[in-house]
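Residue-level structural notes
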Amino acid sequence: MSAAIEFEQVEKRYGEKKVVDGLSFHVRPGECFGLLGPNGAGKTTTLKMLLGISSPDAGTIRLCGEPVPSRARFARARVGVVPQFDNLDPDFTVRENLLVFGRYFGQSAAHTRALVPALLEFARLESKAEARVNELSGGMRRRLTLARALVNDPDVLIMDEPTTGLDPQARHLIWERLRSLLARGKTILLTTHFMEEAERLCDRLCVIEEGRKIAEGAPNDLIQSEIGCDVIEIYGPDPAALRDELAPLATRTEISGETLFCYVTDPQATLDRIKHRPQLRYLHRPANLEDVFLRLTGREMQD
Ligand SMILES: Nc1ncnc2c1ncn2[C@@H]1O[C@H](COP(=O)(O)OP(=O)(O)O)[C@@H](O)[C@H]1O
Ligand SMILES: [Mg+2]
């Protein structure tokens, strides 16, 4: 089967500034694909072009096989969208929000009404059906937005920062819900600036910065190819002096704020040097996606 989403050499300018700059990526049916990048990287602009809300200055886009923007309307019928900022109707109840949304897809009220119990169950909002949106917690609102995106039984879900602003518990519940959608064969494109989210959920991802792709691949492949060894994080006074001392034992070192990162193939050698120094705290861990990002951009991702 052909790609669910094709983005080929796409460009978008606002004034003089290229906010999406020759970006290409393909999403296969049934996979979870992540667009990972800091604020202002061009994630939302990319999704808006994909949905036909904003026109690219160059490049070609296909969504569910349909060319966008020319046939975006047809593609959208098979797509569910979770926007970056919830646009639920605050005066309506949870149930009413779902019913109203079904109308946008030309579904009969009876058809959507029959779907509501399953959507409420999916969103774990069975007990909140008659609650108004402004009585819901942030996590509940996000789950309602997610349930609403399923009203038309879409093949593809497009989500802009689905868990930004949620506490860890609410975030875990969204992750679990997204995994159940993937198990049902849905295709998901999501944006995030949380590395942990991308690492847990995405089959493949592309890291973007200033509208350009700086890396693409499966999270573990990126971690192996970009880092490929363990990391020891050390916190303590004078990280620069510590770096001079420990650099010979490491493949690479990096200082970020008050933390010295030692990338090491032989962790024991470094641990032996630091373990009896009470002024140092340290963490020995496998490499992760955050290390990849730090490596690629030379700085930590901004919140
Ligand atoms: N409508 C617009 N007009 C002008 N500049 C915009 C507009 N929308 C976004 N931008 C700019 O484009 C860049 C990318 O924005 P955006 O796609 O929202 O990034 P992200 O979603 O990754 O945070 C930012 O520098 C932003 O200020
Ligand atoms: Mg955004």
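Quick caveat, the model's predicted, so the values are computed rather than measured.

In the numbering used here, UniProt assigns the feature "domain: ABC transporter" (unreviewed entry) to residues 5-235. Summarising residues 5-235: 35% helix, 29% strand, and an end-to-end C-alpha distance of 43 Å.

All right, on to the site of ligand 1 then. By nearness alone, every residue bordering ligand 1 is listed as Tyr14, Val19, Gly37, Asn39, Gly40, Ala41, Gly42, Lys43, Thr44 and Thr45. The greatest single-element share of the shell around ligand 1, amounting to three residues, is contributed by helix 1 (residues 43-50).

A few words now on the domain arrangement of the protein chain. Each assigned domain of the protein chain is listed with its residue range as follows: domain 1 (1-78 + 155-218), domain 2 (90-153) and domain 3 (229-286). One C-alpha centre belongs to domain 2, the other to domain 3; they are set 50 Å apart.

Note that an α-helix has 3.6 residues per turn; residues three or four places apart therefore point the same way. Compared with the 22 Å implied by 1.5 Å per residue over 16 residues, the 23 Å span of helix 6 (residues 168-183) between its first and last C-alpha is a close match. Of the residues one or two after helix 6, glycine 185 is the one with positive phi, at around 90 degrees.

Turning our eyes to something else, we now look at the sheet that holds strand 10 (residues 212-217). Here six strands make up an open sheet; going across it, the order is 6-7-8-3-9-10 and the pairing mixed. Where the open sheet ends on each side, the last strands, each with one partner, are strand 6 (79-82) and strand 10. For this sheet, the mean angle separating the axes of adjacent strands, direction not counted, is 15 degrees. Two strands pair when backbone bridges link them, and strand 6 and strand 7 (residues 156-160) are joined in this way by four bridges, in the parallel orientation. Bridge pairing links valine 81 to isoleucine 158 in strand 7.

One broad rule of soluble globular proteins: the nonpolar side chains tend to lie buried together. Formed by 75 residues in total, the largest nonpolar core has its most connected members in Ile5, Leu50, Leu63, Ala147, Ile158, Ala198 and Cys262. Those residues in contact with isoleucine 158, other than ones at most four positions away along the chain, are Leu47, Leu50, Leu51, Val79, Val81 and Leu189.

Ordered by their spatial adjacency, four strands build an open sheet running 2-1-4-5, and the pairing between neighbours is antiparallel. Strand pairing shows two members of the sheet lacking a second neighbour, strand 2 (17-27) and strand 5 (66-68), which therefore form its edges. Here the strands of the sheet are splayed against their neighbours by 30 degrees on average, with no regard to which way each runs. Strand direction decides the pairing type here: strand 1 (residues 5-14) and strand 2, joined by eight bridges, are antiparallel. Bridge pairing in strand 2 places tyrosine 14 opposite lysine 17. On top of the sheet, helix 1 reaches strand 1, strand 2, strand 4 (58-63) and strand 5; it is set at about 120 degrees to strand 1, its chief contact.

Close contact between helix 8 (residues 219-226) and helix 11 (residues 289-297) brings their axes to 9 Å; oriented N to C, the two are set at 55 degrees. Relative to helix 11, the element helix 8 lies oblique. Helix-helix and strand crossings are classified by hand; for helix 8 and helix 11 the assignment is left-handed. Contact with helix 8, carried on its side by Pro219, Leu222, Ile223 and Glu226, involves Leu289, Val292, Arg295 and Leu296 of helix 11 and no other residues of that element.

Contact geometry for helix 5 (residues 138-148) and helix 6: axes closest at 9 Å, N-to-C directions at 15 degrees. Here helix 5 lies roughly parallel to helix 6, going by the angle between them. Crossing handedness for the pair helix 5 and helix 6: right-handed. Together, Gly138, Gly139, Arg142, Arg143 and Leu146 of helix 5 and Ala170, Leu173, Ile174 and Arg177 of helix 6 make up the contact between the two elements. Considering only residue class, the contact of helix 5 with helix 6 consists of four nonpolar, two polar and three charged.

Turning next to the pairing of strand 9 (residues 204-209). As paired elements, strand 3 (residues 32-36) and strand 9 share four bridges and run parallel to each other. Residue pairing across strands places glycine 34 opposite leucine 205, the latter belonging to strand 9. Pairing between strand 9 and strand 10: five bridges, direction antiparallel. Each residue of the ladder has a partner; that of cysteine 206, found in strand 10, is glutamate 216.

Conventions used here
- Residues numbered from 1 in each chain as written.
- Chains lettered and ligands numbered in written order.
- Predicted model: local features only at pLDDT ≥ 70, side-chain atom pairs only at ≥ 80, totals over all residues.
- UniProt positions renumbered as here; feature names shortened; annotations may be inferred.
- Helix = DSSP H or I, 4+ residues; strand = E, 2+ residues; numbered from the N terminus.
- Near = placed C-beta within 6 Å.
- Domains from an automatic or database assignment.
- Expected span 1.5 Å × (residues − 1).
- Pairing = 2+ DSSP bridges.
- Axes fitted to C-alpha atoms, helices over the stretch in contact; angles between N-to-C directions.
- Core = buried A, V, L, I, M, F, W, Y, C linked by C-beta atoms within 7 Å.
- Buried ≥ 20, exposed ≤ 12 C-beta atoms within 10 Å, placed from the backbone.
- Contact = placed C-beta atoms within 7 Å.
- Parallel < 35°, antiparallel > 145°, perpendicular 65-115°, else oblique.
- Left-handed = near helix turned anticlockwise from the far one by under 90°.
- Nonpolar A, V, L, I, M, F, W, Y, C, P; charged D, E, K, R; others polar.

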